[in-house]
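If you want the building blocks of each chain, they are given just below.
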Amino acid sequence: MAQALRPNTAGGLLATDGKPHPLQATLLAVTLVLGITSFITAMFHHLHLLSSWAGLTGIITGAYGQWISETTRERFGLILGLGAAAVGFFLGMAHGGLFGGLFD
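The shown structure was predicted, so the numbers you read here are calculated from the model rather than taken from an experiment.

K.L.:
I would appreciate a short explanation of the overall build of the protein in the present structure.
P.N.:
Counting its secondary structure elements, the protein contains four helices and zero strands. Listed by position from the N terminus, the elements making up the protein come as α-α-α-α. For the protein, with 104 residues in total, the buried portion stands at 33%.

As structure tokens, this is what we get:
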């Protein structure tokens, strides 16, 4: 019956390890913001420069964040941001690319 008296320290499905990870949290936030920005701006043809650059930067920060992440919560958020950044990047590349229209 000792199990009934112990508090649940594991938390939820995406539980953290209880330690602060400021660099990983920053990379997670940056990747999510860049991914959302890239994904939304990719829906507008004339914003291909913003969507492609934000997507590329989001992919790079998300990949580095995955490399140094330590918890499932960080990895889950990074995958969401990476997916949105990749979709925005590819749509931005299809609409004109990283330098499309700058040197005409």
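Having seen it, we continue.
K.L.:
Is there a simple way to think about the packing of helix 2 (residues 22-41) against helix 3 (residues 48-68) in this case?
P.N.:
Angle between the axes and distance between the axes: these two values describe a pair of packed helices. As a packed pair, helix 2 and helix 3 sit with axes 8 Å apart at the nearest point and diverge in direction by 150 degrees. Taken together, the axis directions place helix 2 and helix 3 in an arrangement best described as roughly antiparallel. With respect to the hand of their crossing, helix 2 and helix 3 are arranged in left-handed fashion. For the pair helix 2 and helix 3, the contacting residues are Leu-23, Gln-24, Leu-27, Val-30, Thr-31, Leu-34, Thr-37, Ser-38 and Thr-41 in the first and Leu-50, Ser-51, Ala-54, Gly-55, Thr-57, Gly-58, Thr-61, Gly-62, Tyr-64, Gly-65 and Ile-68 in the second.

K.L.:
How do you make sense of the side chain of Ser-51 when you look at a structure like this?
P.N.:
Examined against the element boundaries, Ser-51 turns out to sit in helix 3. Here Ser-51 falls in the buried class, since its relative accessible area comes to 0%. A polar contact of 3.2 Å, which involves the side chain of Ser-51, links it to the backbone oxygen of His-48. In this view, Ser-51 contacts Ser-38, Thr-41, Ala-42, Gly-88, Phe-89 and Gly-92; residues no more than four positions away in its chain are not counted.

K.L.:
Sorry if this is basic, but what is going on with the packing of helix 2 against helix 4 (residues 72-95) here?
P.N.:
The contact between helix 2 and helix 4 brings their axes to 7 Å, and the two run at 30 degrees. One finds that helix 2 runs roughly parallel with respect to helix 4. For the element pair helix 2 and helix 4, the recorded crossing hand is left-handed. For the pair formed by helix 2 and helix 4, the contact residues are Gln-24, Leu-27, Leu-28, Thr-31, Leu-32, Gly-35, Ile-36, Ser-38 and Phe-39 on the first element and Glu-74, Gly-77, Leu-78, Leu-80, Gly-81, Leu-82, Ala-84, Ala-85, Val-87, Gly-88 and Phe-89 on the second. Here the residues of the contact of helix 2 with helix 4 sort into 12 nonpolar, seven polar and one charged.

K.L.:
How should I be thinking about a nonpolar patch on the surface in this particular structure?
P.N.:
A cluster of nonpolar side chains, Leu-32, Ile-36, Phe-39, Ile-40, Met-43, Phe-44, Phe-76, Leu-80, Val-87 and Leu-91, forms an exposed patch at the surface whose accessible area comes to about 880 Å². For the nonpolar patch, the elements supplying multiple residues, two or more each, are helix 2 and helix 4. Here Leu-80 shows up in helix 4.

K.L.:
So what exactly am I meant to see when it comes to the environment of Ala-94 here?
P.N.:
As for its placement among the helices and strands, Ala-94 is situated in helix 4. Sequence-wise, Ala-94 and Ala-42 are 52 residues apart; in three dimensions their C-alpha atoms are separated by 9.5 Å.

K.L.:
What is the right way to read helix 3 from this model?
P.N.:
Spacing of three or four residues puts side chains on the same side of an α-helix, whose turn is 3.6 residues. Taking 1.5 Å as the rise per residue, helix 3 with 21 residues should run 30 Å; its terminal C-alpha atoms sit 30 Å apart, in good agreement. Within the sequence span of helix 3, burial applies to His-48, Ser-51, Ser-52, Ala-54, Gly-55, Gly-58, Thr-61, Gly-62, Gly-65 and Ile-68. Elements that come into contact with the buried residues of helix 3 comprise helix 2 and helix 4.

Conventions used here
- Residues numbered from 1 in each chain as written.
- Predicted model: local features only at pLDDT ≥ 70, side-chain atom pairs only at ≥ 80, totals over all residues.
- Heavy atoms only, no water.
- Helix = DSSP H or I, 4+ residues; strand = E, 2+ residues; numbered from the N terminus.
- Buried < 20%, exposed > 50% of the residue type's maximum accessible area, 1.4 Å probe, protein only.
- Axes fitted to C-alpha atoms, helices over the stretch in contact; angles between N-to-C directions.
- Parallel < 35°, antiparallel > 145°, perpendicular 65-115°, else oblique.
- Left-handed = near helix turned anticlockwise from the far one by under 90°.
- Contact = heavy atoms within 4.5 Å.
- Polar contact = N/O pair within 3.5 Å; in protein donor to acceptor, adjacent residues only side chain to side chain.
- Nonpolar A, V, L, I, M, F, W, Y, C, P; charged D, E, K, R; others polar.
- Patch = residues over 30% accessible without salt bridge, like charges linked within 9 Å, V, L, I, M, F, W, Y side chains within 5 Å.
- Areas by Shrake-Rupley, 256 points an atom, 1.4 Å probe, with all protein chains shown as cover.
- Salt bridge = Lys/Arg side-chain N within 4 Å of Asp/Glu carboxyl O.
- Expected span 1.5 Å × (residues − 1).

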